[in-house]
Amino acid sequence: MRDGVTLYADVYRPDVADPLPVLLQRTPYDKFQGVGGGLDVLRAASHGYAVVIQDTRGRYASEGEFYPFLDEPNDGYDTVAWCAEQPWSTGKVGMFGRSYVGATQWLCAITNPPALTCISPGITASDYYEGWTYQGGALAWGFALSWTMRQLTMANMGAISSRHDVPDGTREGLLAAFNELDCAFRHQPIVEMPHLKEPLAGYFYDWIRHSSSDEYWKRWRIEDHYPHITTPALHMGGWHDIFLLGTLRNFVGMRKQAENRLIVGPWHHGPFGETSGEFFFGLGAAGGAIDTDGVQLRWFDHWLKGEENGANSDAPVRIFVMGANEWRSEQEWPLARTQYTDYYLHSEGKANTASGDGGLSVDAPEDEAADVFLYDPRNPAPTRGGALCCGASFVPGGAYDQQDIEARSDVLCYTTPPLSSDLEVTGPLTVTLFAATSGADTDFTAKLVDVEPCGAARSLVDGIMRGRYRKGTDAAVPVTPGAVEEYTIDLVATSNVFKAGHRLRLEISSSNFPRFDRNFNTGGDPWSATECVPALQTIMHNGQYPSRVRLPVIPA
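Residues numbered from 1 in each chain as written. Predicted model: local features only at pLDDT ≥ 70, side-chain atom pairs only at ≥ 80, totals over all residues. Heavy atoms only, no water.

### Observations regarding the packing of helix 2 (residues 72-85) against helix 3 (residues 100-109)
Then, in step 1: Here helix 2 crosses helix 3 at 80 degrees, and the two axes come no closer than 8 Å. The angle between helix 2 and helix 3 places the two elements in the roughly perpendicular class. Contacts from Glu-72, Pro-73, Gly-76, Tyr-77 and Val-80 of helix 2 reach helix 3 at Tyr-100, Thr-104, Leu-107 and Cys-108.
Then, in step 2: Across the contact of helix 2 with helix 3, the residue classes tally to six nonpolar, two polar and one charged. (Axes fitted to C-alpha atoms, helices over the stretch in contact; angles between N-to-C directions. Helix = DSSP H or I, 4+ residues; strand = E, 2+ residues; numbered from the N terminus. Parallel < 35°, antiparallel > 145°, perpendicular 65-115°, else oblique. Contact = heavy atoms within 4.5 Å. Nonpolar A, V, L, I, M, F, W, Y, C, P; charged D, E, K, R; others polar.)

### What about the UniProt feature "domain: Xaa-Pro dipeptidyl-peptidase C-terminal" (unreviewed entry) in the protein?
Then, in step 1: What UniProt calls "domain: Xaa-Pro dipeptidyl-peptidase C-terminal" (unreviewed entry) maps, in this numbering, to residues 297-550.
Then, in step 2: The span residues 297-550 is 4% helix and 37% strand, and its two end C-alpha atoms sit 38 Å from each other. (UniProt positions renumbered as here; feature names shortened; annotations may be inferred.)

### Remarks on the layout of surface pockets
Then, in step 1: Empty space within the largest pocket amounts to approximately 720 Å³.
Then, in step 2: Gln-151, His-269, Gly-270, Pro-271 and Cys-389 are, among the 28 residues lining the largest pocket, the residues nearest its centre.
Then, in step 3: The set of elements that each furnish at least two residues to the lining of the largest pocket consists of strand 2 (20-27) and helix 4 (141-153).
Then, in step 4: The element best represented in the lining of the largest pocket is helix 4, accounting for three residues.
Then, in step 5: Its residues assigned to classes, the lining of the largest pocket comprises eleven nonpolar, 15 polar and two charged.
Then, in step 6: In this structure, the second largest pocket encloses a volume near 460 Å³.
Then, in step 7: Around the second largest pocket, the lining is made up of 38 residues, and of these Glu-130, Gln-135, Leu-245, Asp-490 and Val-492 lie nearest the centre.
Then, in step 8: For the lining of the second largest pocket, the elements supplying multiple residues, two or more each, are strand 8 (233-240), helix 10 (244-254), strand 20 (457-466) and strand 21 (485-498).
Then, in step 9: When the residues that make up the lining of the second largest pocket are grouped by side-chain class, the tally is 14 nonpolar, 13 polar and eleven charged. (1 Å grid on protein atoms, 1.4 Å probe; cavity = no way out; pocket = protein on both sides within 12 Å on 5 of 7 lines; lining within 4 Å. Points joined across faces, edges and corners; volume = space filled by probe spheres on them.)

### Re the pairing of strand 18 (residues 423-437)
Then, in step 1: When you tally the buried positions in strand 18, you get 13 out of 15 residues, the bulk of the element.
Then, in step 2: Alignment of strand 18 against strand 21, held across twelve bridges, turns out to be antiparallel. Bridge assignment links Thr-430 to a residue of strand 21, and that residue is Asp-490.
Then, in step 3: As paired elements, strand 18 and strand 24 (residues 548-554) share five bridges and run antiparallel to each other. The residue bridging Thr-430 from the neighbouring strand is Arg-550, located in strand 24.
Then, in step 4: Alignment of strand 18 against strand 23 (residues 535-540), held across four bridges, turns out to be antiparallel. (Buried < 20%, exposed > 50% of the residue type's maximum accessible area, 1.4 Å probe, protein only. Pairing = 2+ DSSP bridges.)

### Digging into a nonpolar patch on the surface
Then, in step 1: Side chains of Val-372, Leu-374 and Leu-536 sit close together on the surface and give an oily, nonpolar patch of about 250 Å² of accessible area.
Then, in step 2: Within the secondary structure layout, Leu-374 lies in strand 16 (residues 371-375).
Then, in step 3: When its relative accessible area of 48% is taken as the criterion, Leu-374 is described as partly exposed. (Patch = residues over 30% accessible without salt bridge, like charges linked within 9 Å, V, L, I, M, F, W, Y side chains within 5 Å. Areas by Shrake-Rupley, 256 points an atom, 1.4 Å probe, with all protein chains shown as cover. Salt bridge = Lys/Arg side-chain N within 4 Å of Asp/Glu carboxyl O.)

### Some remarks on empty space enclosed by the protein
Then, in step 1: This model, assessed by the stated rule, comprises seven cavities of 30 Å³ or more.
Then, in step 2: Put simply, the largest cavity is a space of about 100 Å³.
Then, in step 3: Surrounding the largest cavity, 14 residues form its lining, Thr-445, Lys-447, Glu-507, Ser-509 and Ser-511 being those nearest its centre.
Then, in step 4: Counting only elements with at least two residues in the lining of the largest cavity, the list comes to strand 19 (443-451), strand 20 and strand 22 (503-509).

### Some details on the sheet that holds strand 3 (residues 50-55)
Then, in step 1: Spatially, nine strands are ordered 1-3-2-4-5-8-9-12-13 in an open sheet, and the strand pairing comes out mixed. The sheet is open, and its two edges are formed by strand 1 (9-12) and strand 13 (326-330), each paired on a single side. Within this sheet the neighbouring strands show an average axis-to-axis angle of 20 degrees, counted without direction.
Then, in step 2: The sheet contact formed by strand 5 (residues 116-122) and strand 8 spans two bridges and is parallel. In the strand pairing of strand 8, Gly-122 is matched with Met-236.
Then, in step 3: Against the sheet, helix 3 touches strand 2, strand 4 (89-98), strand 5 and strand 8, its axis set at about 135 degrees to strand 4.
Then, in step 4: Along the sheet, helix 10 contacts strand 8, strand 9 (260-268) and strand 12 (317-321); its crossing angle with strand 9, the most-contacted strand, is approximately 165 degrees.

### With respect to unusual backbone geometry
Then, in step 1: A cis amide bond, omega -10 degrees, links Trp-333 with the succeeding residue Pro-334.
Then, in step 2: Position of Pro-334 relative to the elements: it lies in the loop between strand 13 and strand 14 (339-346).
Then, in step 3: Cys-390 follows Cys-389 through a cis peptide bond whose omega is 20 degrees.
Then, in step 4: By the secondary structure assignment, Cys-390 is in the loop between strand 16 and strand 17 (412-415).
Then, in step 5: Phi is positive for Asn-112, which is not a glycine, with a value near 50 degrees.
Then, in step 6: Structurally, Asn-112 can be placed in the loop between helix 3 and strand 5.
Then, in step 7: Of note in this structure, Asn-325 is not a glycine but carries a positive phi near 55 degrees.
Then, in step 8: For Asn-325, the location among the structural elements is in the loop between strand 12 and strand 13.

### Brief notes about the packing of aromatic side chains
Then, in step 1: Taken as a whole and judged by the stated rule, the model has 37 aromatic pairs.
Then, in step 2: When the ring of Phe-143 is compared with that of Trp-147, the centres are 5.1 Å apart and the planes differ by 15 degrees; the resulting orientation is stacked. Taken together, the residues span about one helical turn, with Phe-143 and Trp-147 both in helix 4 at a distance of four residues. Neither residue differs from the other here; Phe-143 and Trp-147 are each classed as buried.
Then, in step 3: Seen in terms of ring centroids, Tyr-216 and Trp-217 are 4.9 Å apart; in terms of plane orientation they differ by 85 degrees. Their pairing is edge-to-face.
Then, in step 4: The class for Trp-217 is buried, based on a relative accessible area of 1%.
Then, in step 5: Positioned over the ring face of Phe-66 is Arg-59, at 4.8 Å from the centre of the ring.
Then, in step 6: Here the guanidinium or amino end of Lys-305 rests over the ring plane of Tyr-49, the centre of that ring lying 4.4 Å away. (Phe/Tyr/Trp six-rings, centres within 6.5 Å; stacked < 30°, edge-to-face > 60°. Lys NZ or Arg CZ within 6 Å of the ring centre and 35° of its normal.)

### Considerations on the pattern of salt bridges
Then, in step 1: By the definition in use, this model includes 32 salt bridges.
Then, in step 2: Here Arg-2 makes a salt bridge to Asp-78, at a shortest N to O gap of 2.8 Å. Placement of the pair is Arg-2 in the segment before strand 1 and Asp-78 in helix 2, with a sequence separation of 76 residues.
Then, in step 3: With a closest N to O distance of 2.6 Å, Arg-505 and Glu-406 form a salt bridge.

Dropping the structure here:
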């Protein structure tokens, strides 16, 4: 690299004399284990590519210190240049991989290396604050802690120990903490979590202290660079993936600058399988069924080999429509024919639990009683599935039945009558909530659910808004206890056909733990809180305060 640090890579090449285009993966997850990560390396080499798999800075075999995102732009630029200069290279380079390996692609692309010809980022973000470490101002706690403890620290302990004086017992203590992750999730204050202190993962505490989208995060925000990126990108995402927001934003944001393609399946963060969580979407839902490796190779063949194979003339968008359980091609995202439809919250003041009187309909509310529940941070509504990573034994991701969650009195449920005909909802979703709290700060959560005639409540999307960030995550604005405030909760997007006889349900609460960290309702910095107080939450739905969810309805 330009600063003298050496990064190590494995190179896979067919035994031919002619130079080849290069496919590069830069991974923090071990270049040896990276074989097959997002694309079958041997298949790609057999297809006529030189494939380079590199350990990123400070990871496994590579020298230097690892600090997430920090060195990826320069290291990516220098590595692409190295690939282009090799005698076995044609000088054209593509990049591939998923998750953080998608981040290494985007952080390289913002530097515009001359040899970088195209990329294929999967299940990755557009902003490492919103949609990666935080969402709606709340810390993505389940992901941040499990990912840092296991994939970033325990897995790289050999490299860390070889470069630093790691105290005796550190490895064993970290292993024990992960084995009891449910207890680690409840540690207070979270910034004093003892298991990741230097020299293990000091950056983890930087993430926690920077709880607003301040300058710390803005230096890595891909969205700010869209006007300057010209690299064609093939985006792959999942409806239940933790980084879906970034996948969609990257596609939309780049459409004017470069050729882009988007594929979204029913997947959560992990292998592209036919099952997500505990729901089966049919064998055709799997990545193998649509040959995602072949799709990528066709993309690379067009841009790196110059083949006129139609990769640039395919429909720009290919989505899996859940419920109907079928793939469909589209010309844009969001779909031009979308009819955005408000579904309003209704009740007589007793919407608590799925057995309550909460309703959901296109009829605007008039004079209705508010719903009230008590949010106690000591007993938060638990996470059950959703957009999660990376501790499957404790916080498994994907679609799960929410009936147990909906039996809690601190979960309000607003449900339509059984549908008389199929209803397709495909596109971005938002909840507008008019609410008051007795706390000095609090959270409001929302979840959209598909309720089957048998009662099974399949989760689709969820979201959160931290009270202090209701006006934007750049800076906190205090909440006035007792005042009715407007909260906009981003549910990101979905594609689902609610079949005839099914019902739509919107869940409202104040916690989804440990997917998100708990708000202790005190108004202090959540990362340093040591005490918590219960908060009485009031949800308004009347003519003055029409709480609602906006659904992207696709006409039949």
